[in-house]
Amino acid sequence: MRGRMNSPWPTKVDPGVCHTCGQEAMVGVFGLTEMPASAGMGERCLAERAEPFSWLRRHVALVAAKGVRDRAAYENWLDKRKTYADGEYVTLREALVRYPITPGEIAREKQ
Ligand SMILES: [Zn+2]
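Everything in this summary refers to the structure shown in the same document. Within every chain, residues take consecutive numbers counted from 1 along the sequence as written. Side-chain atom pairs in this predicted model are given and counted only at pLDDT of 80 or more, local residue features only at pLDDT of at least 70, and totals for whole chains, interfaces and linings cover all residues.

**Points about helix H2 (residues 53–66)**
- Note on conventions: DSSP H or I runs of at least 4 residues are helices, E runs of at least 2 residues are strands, and numbering of each starts at the N terminus. Given a helix with a known number of residues, its expected span is that number minus one, times 1.5 Å. Between the first and last C-alpha of H2 there are 20 Å, a value that for 14 residues agrees with the 20 Å anticipated at 1.5 Å per step.
- The burial criterion counts other C-beta atoms lying within 10 Å of a residue's C-beta, which is placed from the backbone; the residue is buried at 20 or more, exposed at 12 or fewer, and partly exposed between these limits. Among the residues of H2, Phe-53, Leu-56, Arg-57, Val-60 and Ala-61 are the ones counted as buried. All buried residues of H2 fall inside an arc of 140 degrees around its axis, so they share one side.
- Close packing links the buried residues of H2 with strand S3 (82–85), helix H4 (92–98) and helix H5 (103–110). Note that the arc is defined by the directions from the helix axis to the C-beta atoms. This entry defines residue contacts through backbone-placed C-beta atoms, with two residues in contact when those atoms are within 7 Å.

Here is the structure:
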């Protein structure tokens with residue numbers, strides 16, 4: 001199984017597969033920008049500076065749970081951060097327009 005085809009973004013990938021796109025071989029494990037976490041990344045996603053949407057969603061849910069303090073900085077971050085969904089590279093803002101954070105995801109981060 002390569003990625004999970006019933007989801008618009010990879011949620012689980014096989015060992016050695018890029019966590020961001022679920023399509024290419026991982027070339028190494030890299031720290032993520034906003035989170036104390038790391039992900040296995042492939043060459044293409046590294047070049048695109050894209051990060052896994054599943055992780056970015058958790059961060060966005062956490063921010064939503066805590067409340068956005070600096071709206072301008074947050075909006076800027078949504079536009080700058082790139083991810084992979086629907087088989088293409090998109091900004092985090094675009095990905096969230098397509099797949100908004102659910103109340104359930106926010107509630108989980110409040111615990
Ligand atoms: Zn990739």
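Picking up after the structure, the text goes on.
**Digging into the pairing of strand S4 (residues 88–91)**
- Looking at chain direction, S3 and S4 are connected through four bridges and run antiparallel. If you follow Ala-85 over to S4, its bridge partner there is Glu-88.
- Here the rule is simple: two strands pair whenever DSSP picks up at least two bridges between them. Two successive antiparallel strands, S3 and S4, enclose a turn made up of two residues, where Asp-86 displays a positive phi of approximately 55 degrees.

**A word on the environment of Ile-106**
- If you trace the backbone, Ile-106 turns up in helix H5.
- Sequence separation between Ile-106 and Val-29 is 77 residues; the distance between their C-alpha atoms is 27 Å.
- Beyond its immediate chain neighbours, meaning those up to four positions away, Ile-106 contacts Ala-61, Ala-64, Ala-65 and Ile-101.

**Points about the environment of Met-41**
- You can see Met-41 is positioned in strand S2 (residues 38–42).
- Taking the C-beta count within 10 Å as the criterion, Met-41 has 25 such neighbours and is therefore assigned buried.
- The contacts of Met-41, once residues within four sequence positions are left out, are Cys-18, His-19, Thr-20, Met-26, Val-27, Gly-28, Phe-30 and Leu-46.

**Brief notes about the nonpolar core**
- Definition of nonpolar core: a set of buried Ala, Val, Leu, Ile, Met, Phe, Trp, Tyr and Cys residues joined via C-beta atoms within 7 Å. Formed by 17 residues in total, the largest nonpolar core has its most connected members in Cys-18, Cys-45, Phe-53, Tyr-84 and Ala-85.
- Of all the secondary-structure elements, those providing two or more residues to this core are H2, S3 and H4.
- Leaving out residues up to four positions away in the same chain, Phe-53 has contacts with Trp-9, Thr-83, Tyr-84, Ala-85 and Ala-95.

**Let's talk about unusual backbone geometry**
- Look at Arg-49: it is not a glycine, yet its phi comes out positive at around 55 degrees.
- Here Asp-86, not a glycine, exhibits a phi torsion of approximately 55 degrees, which is positive.
- Assignment of secondary structure puts Asp-86 in the loop between S3 and S4.

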